[in-house]
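For reference, the chains in residue letters:
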Amino acid sequence: MRTLIKGIHHVTAVTGDAQKNVDFYTGILGMRLVKQTVNFDNPEVYHFYFGDENGTPGTIMTTFPYGKGLAEGRHGKGMLNTTAFSVDIGAMDFWLQRLDRFDIPYKTPQERLGDEPFIYLEDYDGVGIELVFTENDNREGHTNGIVPPAYAIKGIHHVELWLDSPERTAALLTSKMDHRLIREGGGRFRYAVEDIPGGYIDLLSVPDQLKGLPGRGTVHHVAFETPDRNTQLEIMERLDALGLGHTEVKDRKYFTSVYFREPGGVIFEIATSGPGFATDEAPEALGESLMLPQQFEDRRKGLLKTLPAFRYQPENFK
């Protein structure tokens, strides 16, 4: 079979306050707000996209900020609980000082798989985040003048799935989604299409953990990148052959999507590489205005009244 999956496209989390959401990802982490739009299934909720300069697949963290009243979720098995971002191997002292400066709690730096130092922290809503310090990521990180280029986040490094039993998820990844086992250790099994940051899927066997519960501070889904509609349809055929149910193709304006739940309970999405985020904004203006799909344009005035106001203010986090 030919390779249809390129790596991770994006991760989408459920969060609370829109202002705190933007402040954390653009101010604390220094990522670019590459798109402000709405949840296409619930347009009275924002959909924010944070990433590198152009919102390149593999760098994108997206959020649905449902507001302060949303009940907290619970990390646990059957969920993606940690999204890890790559930074340069020499950036640890900078990030420790930065997290301290802005009173962001974090766990003591640790190391895994022999040579992978990392720091675990959470965003303001409790979404699990790691900074992985590596010399093996050649991507150029985005800098908005807040985080110096030498210390900037380069993109997603890996995602971590907690599973009751990882065997069936591993079989799906290897038999239908072009992944292979890259390395393992300490109960962690790392899969990828290529052995480079931006596509690692880490499976953890945690049968004694409580089942995760959706809500604020949890990840809704992880999306895998496929080149185009034709390869997306081929993946759907592979899923059909396995007997895995999936949605129809959904137009998300910046890509098309197909969703399904993998055997361990985590929602997977197959998202096309394009057309990309510059389809309705100039590259230099990405994220500056509320962009809506055509089906919601006639509701723009009402949505602007309903959606909470926020300010893009990364300069407050210098």
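Residues numbered from 1 in each chain as written. Predicted model: local features only at pLDDT ≥ 70, side-chain atom pairs only at ≥ 80, totals over all residues. Heavy atoms only, no water.

Attention shifts here to the side chain of Lys176. Note on placement: Lys176 falls in helix 3 (residues 167-176). Look past the residues within four positions of Lys176 in its chain and what remains in contact with it is Ala171, Arg238, Ala241 and Leu242. (Helix = DSSP H or I, 4+ residues; strand = E, 2+ residues; numbered from the N terminus. Contact = heavy atoms within 4.5 Å.)

Before going further, it helps to spend a moment on helix 4 (residues 229-242). The terminal C-alpha atoms of helix 4, which comprises 14 residues, lie 20 Å apart, in line with the 20 Å expected from a rise of 1.5 Å per residue. Turning to helix 4, its buried residues number three or more, namely Thr231, Gln232, Ile235, Met236, Arg238 and Leu239. Around the axis of helix 4, the buried residues are gathered within 160° of arc, so they sit on the same side. Turned more than 90 degrees off the buried face of helix 4, the exposed positions are Asn230, Glu237 and Ala241. Looking at the buried residues of helix 4, the elements they touch are helix 3, strand 13 (218-226), strand 15 (256-261) and strand 16 (267-272). (Expected span 1.5 Å × (residues − 1). Buried < 20%, exposed > 50% of the residue type's maximum accessible area, 1.4 Å probe, protein only. Arc of directions from axis to C-beta.)

Turning to the pairing of strand 10 (residues 180-185), a few remarks are in order. Looking at chain direction, strand 10 and strand 11 (residues 188-192) are connected through five bridges and run antiparallel. By the bridge assignment for strand 11, Arg183 is matched with Arg190. Connecting strand 10 to the next strand, strand 11, in antiparallel fashion are two residues, including Gly186 with a positive phi near 60°. (Pairing = 2+ DSSP bridges.)

A few words on the pattern of salt bridges. Going through the model one piece at a time under the given rule, you end up with 22 salt bridges. In this structure, the salt-bridge partner of Glu44 is Arg299, at a minimum N-O distance of 3.8 Å. One end of the pair, Glu44, is in strand 3 (residues 42-51); the other, Arg299, is in the loop between strand 16 and helix 5 (300-306), and 255 residues separate them in sequence. We classify Arg299 as partly exposed; its relative accessible area is 36%. (Salt bridge = Lys/Arg side-chain N within 4 Å of Asp/Glu carboxyl O.)

Turning to the sheet that holds strand 10, a few remarks are in order. Spatial ordering of the open sheet is given by 6-7-8-5-9-12-11-10, a layout of eight strands whose pairing is mixed. The outermost strands of the open sheet, each flanked by one partner alone, are strand 6 (110-112) and strand 10. Pairs of neighbouring strands in the sheet enclose a mean axial angle of 30°, with direction left out of account. (Axes fitted to C-alpha atoms, helices over the stretch in contact; angles between N-to-C directions.)

Turning next to the nonpolar core. Counting 68 residues, the largest nonpolar core has Tyr25, Trp95, Leu161, Met177, Phe224 and Phe268 as its most contacted members. Considering each element in turn, this core owes the most residues, five residues, to helix 1 (residues 18-28). Beyond its immediate chain neighbours, meaning those up to four positions away, Phe268 contacts Leu161, Leu172, Leu173, Met177, Val222, Phe224, Val258, Tyr259, Phe260 and Glu262. (Core = buried A, V, L, I, M, F, W, Y, C linked by side-chain atoms within 4.5 Å.)

On to the environment of Ser289. Mapping Ser289 onto the fold places it in the loop between strand 16 and helix 5. Spatially, the C-alpha atoms of Ser289 and Gln36 are 6.7 Å apart, while their sequence positions differ by 253 residues. Setting aside residues up to four positions removed in sequence, Ser289 forms contacts with Gln36 and Glu281.

For the rest of this paragraph, the subject is the packing of aromatic side chains. Summed over the entire model, instances satisfying the criterion amount to 17 aromatic pairs. With a centroid separation of 6.4 Å and 70° between ring planes, the pair formed by Tyr49 and Phe255 is classed as edge-to-face. Separated by 206 residues along the polypeptide, Tyr49 in strand 3 and Phe255 in the loop between strand 14 (250-251) and strand 15 bring together distant segments of the chain. Overall, Tyr49 belongs to the buried group, its relative accessible area being 4%. Each ring, one from Phe260 and one from Phe268, has its centre 5.8 Å from the other, and the planes form 80°; the classification is edge-to-face. Take Phe260 and Phe268: they sit in the same class, and that class is buried. In this structure, Lys20 packs its charged tip against the face of Tyr124, placed 4.9 Å from the ring centre. A cation over a ring is seen here: Arg112 above Phe118, with NZ or CZ 3.8 Å from the ring centre. (Phe/Tyr/Trp six-rings, centres within 6.5 Å; stacked < 30°, edge-to-face > 60°. Lys NZ or Arg CZ within 6 Å of the ring centre and 35° of its normal.)

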